[in-house]
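# An overview of the molecular structure
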Amino acid sequence: MARLNDNYLKLKAGYLFPEIGRRVKVFSEANPEAKIIRLGIGDVTQPLAPAVLKAFHDGVDDLANTDDFKGYGPEQGYEFLIDALIEKAYKPLGVELKKSEIFVSDGSKCDCANILDIFALDNKVAICDPVYPVYNDTNVMVGRTGEADDKGYYEGLTYLACTEDNHFTPAIPDKKVDIVYLCYPNNPTGAVATREDLKKWVDYALANDAVIFFDAAYEAFITEPGIPHSIYEIEGAKRCAIEFRSFSKTAGFTGVRCALTVIPEELMAETGNGEKSSLNKLWNRRQSTKFNGVSYPVQKAAAAVYSEEGWTQVKETIDYYMENARLIREGLEAAGLTVYGGVNAPYIWLKTPNGMSSWDFFDKLLSECHVVGTPGSGFGPSGEGFYRLSAFGGRENVLEAIDRIKKNLA
Ligand code: MLT
């Protein structure tokens, strides 16, 4: 009989968001009259920007005539999109990238997972707690860990606690690790890293020959000046960091699918013989073998995000979501809750009232307010006692949800 990958059996329950979906389905089948408001998974609700949509349509039309038709595209992405990213996404930050350093893909979730292909299993990995579950679970899946303990910590991974006491910015590990995942602005806590915070991580990585996986999927939601949008704004980061970025939240592409991963040419890792070798070349090899690129119309749409008209429109939608974030934050504070995030990130991280567990609070809000958020403990043991609300809803739903929660807690 074929043997399965036993590592998958180490995983706890289902992936967080399908598990929430399952519970909501059970509730709504039993209560068909309940008008459920979903502020759980960070999924966008507003339509694509008109300029982006037009480029998308134009891209499809190109496929209708022989002259412009496209078959397989470059696995790394079309040059028109890579050029737009270099000029419009990175240059304004003072970051110079080469075309060969950007890899366009169909999502940051996949890239954050697939990147593990090019790293040896015996690397020591550190992740934050709470954390975007993909970082944890994909390390379990590839076999880097033992079993989970009673709390949910997997043997072999280093967990960096992000708590109220450290303002959800973890301390640098007191031991040597080879890979560190960082996500700023943070999912789920909404915390940001200052330049000084990131410099400490870059210094640590350079001193320990470690690689930082920097997930910048929410950088477009930073509202305060001075907060880095890219790890490469920090001196030396090109020698120690891989950056993931996404069009999902920035431009409403959760269903359209487009993202990018940056691997600078300077970034090296060690071979089994102790020689230095390029991670950029290895990722290129991996992508050329396992990936056939993002569809041409989608890349046309993505490039239009960086046109003058496109960016103005995209920014309006980002502002709309961040206004939701403000309304949620201030509404919940007025209801007496302790609330974090929501200033430079589209997530609001609230402390459950009266020490209630995350899942109990989830069930309470689902059954009594018909509002769905995400239990903090689903992001890791240190998320226990917290609950995350997403600001990606429509305004009417957001206002209605806050009103229901306020009345419930009054
Ligand atoms: C979230 O809600 O944490 C995100 O939507 C998940 C994701 O981006 O995959």
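As the structure is a computational prediction, the values presented were derived from the model and not from experiment. (Residues numbered from 1 in each chain as written. Predicted model: local features only at pLDDT ≥ 70, side-chain atom pairs only at ≥ 80, totals over all residues. Heavy atoms only, no water.)

Time to look at the site of the ligand. Taken together, Phe 17, Ile 41, Gly 42, Tyr 132, Asn 187, Tyr 218, Lys 249, Tyr 347 and Arg 388 make up the full set of residues near the ligand. One nitrogen or oxygen atom from the side chain of Lys 249 is found 2.9 Å from an oxygen atom belonging to the ligand. Coverage of the ligand by the protein amounts to 85% of the 270 Å² it exposes when considered alone. Residues lining the shell around the ligand come from more than one domain, with at least three contributed by each of domain 1 (6–47 + 309–409) and domain 2 (52–307). (Near = heavy atom within 4 Å. Polar contact = N/O pair within 3.5 Å; in protein donor to acceptor, adjacent residues only side chain to side chain. Areas by Shrake-Rupley, 256 points an atom, 1.4 Å probe, with all protein chains shown as cover. Domains from an automatic or database assignment.)

This paragraph deals with the domain arrangement of the protein. For the protein, the assigned domains read domain 1 (6–47 + 309–409) and domain 2 (52–307). Each of domain 1 and domain 2 has a C-alpha centre, and these two points are 25 Å apart. In this assembly, 36 residues from domain 1 lie in contact with 47 residues from domain 2. Between domain 1 and domain 2, roughly 3,400 Å² of surface is buried when both sides are summed, and carbon and sulfur atoms account for 61% of that area. The three residues of domain 1 that bury the most area against domain 2 are Lys 10, Tyr 15 and Asn 344, which together make up 20% of that side's buried surface. Where domain 1 packs against domain 2, one counts one salt bridge. (Contact = heavy atoms within 4.5 Å. Buried area = accessible area lost by both parts, 1.4 Å probe. Salt bridge = Lys/Arg side-chain N within 4 Å of Asp/Glu carboxyl O.)

Scanning the model with the defined rule gives 26 aromatic pairs in all. Seen in terms of ring centroids, Tyr 78 and Phe 80 are 5.4 Å apart; in terms of plane orientation they differ by 10°. Their pairing is stacked. For Phe 80, a relative accessible area of 29% gives the class partly exposed. Ring plane angle 0° and centroid distance 5.3 Å describe the contact between Trp 349 and Phe 386, whose orientation is recorded as stacked. With Trp 349 in strand E12 (residues 347–351) and Phe 386 in strand E15 (residues 386–390), this pair connects stretches of sequence that are 37 residues apart. Accessibility expressed as a relative area gives 0% for Trp 349, which makes it buried. With relative accessibility at 7%, the residue Phe 386 sits in the buried group. (Phe/Tyr/Trp six-rings, centres within 6.5 Å; stacked < 30°, edge-to-face > 60°. Buried < 20%, exposed > 50% of the residue type's maximum accessible area, 1.4 Å probe, protein only. Helix = DSSP H or I, 4+ residues; strand = E, 2+ residues; numbered from the N terminus.)

On to the environment of Thr 374, then. On the secondary structure map, Thr 374 appears in strand E14 (residues 374–375). Placed 15 residues apart in sequence, Thr 374 and Trp 359 show a C-alpha to C-alpha distance of 8.5 Å. If we ignore the near neighbours within four places in the chain, the residues touching Thr 374 are Leu 16, Phe 17, Ile 20, Gly 40, Ile 41, Phe 379, Tyr 387 and Arg 388. Polar side-chain contacts of Thr 374 include one of 3.3 Å to the backbone oxygen of Gly 40.

On to the sheet that holds strand E8 (residues 259–262), then. Strand order in the open sheet made by the seven strands is E2-E8-E7-E6-E5-E3-E4, with mixed pairing throughout. Edge strands, defined here as strands with exactly one partner in the open sheet, are strand E2 (102–105) and strand E4 (157–161). Direction aside, the axes of adjacent strands within the sheet are offset by 20° on average. Sheet contacts for helix H3 (residues 79–90): E2, strand E7 (241–246) and E8; angle to E2, the most-contacted strand, approximately 115°. (Pairing = 2+ DSSP bridges. Axes fitted to C-alpha atoms, helices over the stretch in contact; angles between N-to-C directions.)

If you trace the backbone, Asn 136 turns up in helix H5 (residues 133–142). Look at Asn 136 and you get buried, because its relative accessible area is 9%. Looking at Asn 136, its side chain comes within polar contact range of the side chain of Tyr 159, at 2.7 Å. Apart from the residues lying within four places of it in its own chain, the contact partners of Asn 136 are Ile 127, Val 131, Tyr 154, Leu 157 and Tyr 159.

Time to look at the sheet that holds E15. What the four strands build is an open sheet, ordered E11-E12-E15-E14; its pairing is antiparallel. The open sheet terminates on both sides in strands that have one partner only, identified here as strand E11 (339–341) and E14. Across five bridges, the pairing between E12 and E15 is antiparallel. Directly across from Lys 351, in E15, lies its bridge partner Phe 386. This element, helix H10 (residues 308–334), spans E11, E12 and E15 of the sheet and lies at about 10° to E12.

Counted residue by residue, H5 has eight buried out of 10 residues, so it is predominantly covered. By the burial criterion, the buried members of H5 are Pro 133, Val 134, Tyr 135, Asn 136, Asp 137, Thr 138, Asn 139 and Val 140. Just downstream of H5 lies Gly 143, where phi reads positive at about 95°.

Summed over the entire model, instances satisfying the criterion amount to 25 salt bridges. The partner of Asp 6 in a salt bridge is Arg 3, and the shortest N-O contact between them spans 2.0 Å. Residue Arg 286 pairs with Asp 117 through a salt bridge whose shortest N-O separation is 3.0 Å. Residue Arg 286 is located in helix H8 (residues 279–290), and its partner Asp 117 is located in the loop between helix H4 (108–114) and strand E3 (125–129); the two are separated by 169 residues in the primary sequence. In this structure, a network of salt bridges that share partners links the residues Glu 19, Arg 22, Arg 23 and Asp 363.

The residue after Tyr 184, namely Pro 185, is reached through a cis peptide bond having omega -10°. Structurally, the position occupied by Pro 185 is in the loop between strand E5 (179–183) and helix H6 (195–208). Phi at Phe 168 is positive, roughly 65°, even though this residue is not glycine. One can find Phe 168 in the loop between E4 and E5.

Next up on the list: the packing of helix H11 (residues 358–369) against helix H12 (residues 395–409). Contact geometry for H11 and H12: axes closest at 10 Å, N-to-C directions at 105°. Classified by the angle between their axes, H11 and H12 sit roughly perpendicular to one another. Within the contact between the two elements, H11 uses Phe 361, Lys 364, Leu 365, Glu 368 and Cys 369 and H12 uses Arg 404, Ile 405, Asn 408 and Leu 409. A class-by-class count of the residues in the contact of H11 with H12 yields five nonpolar, one polar and three charged. (Parallel < 35°, antiparallel > 145°, perpendicular 65-115°, else oblique. Nonpolar A, V, L, I, M, F, W, Y, C, P; charged D, E, K, R; others polar.)

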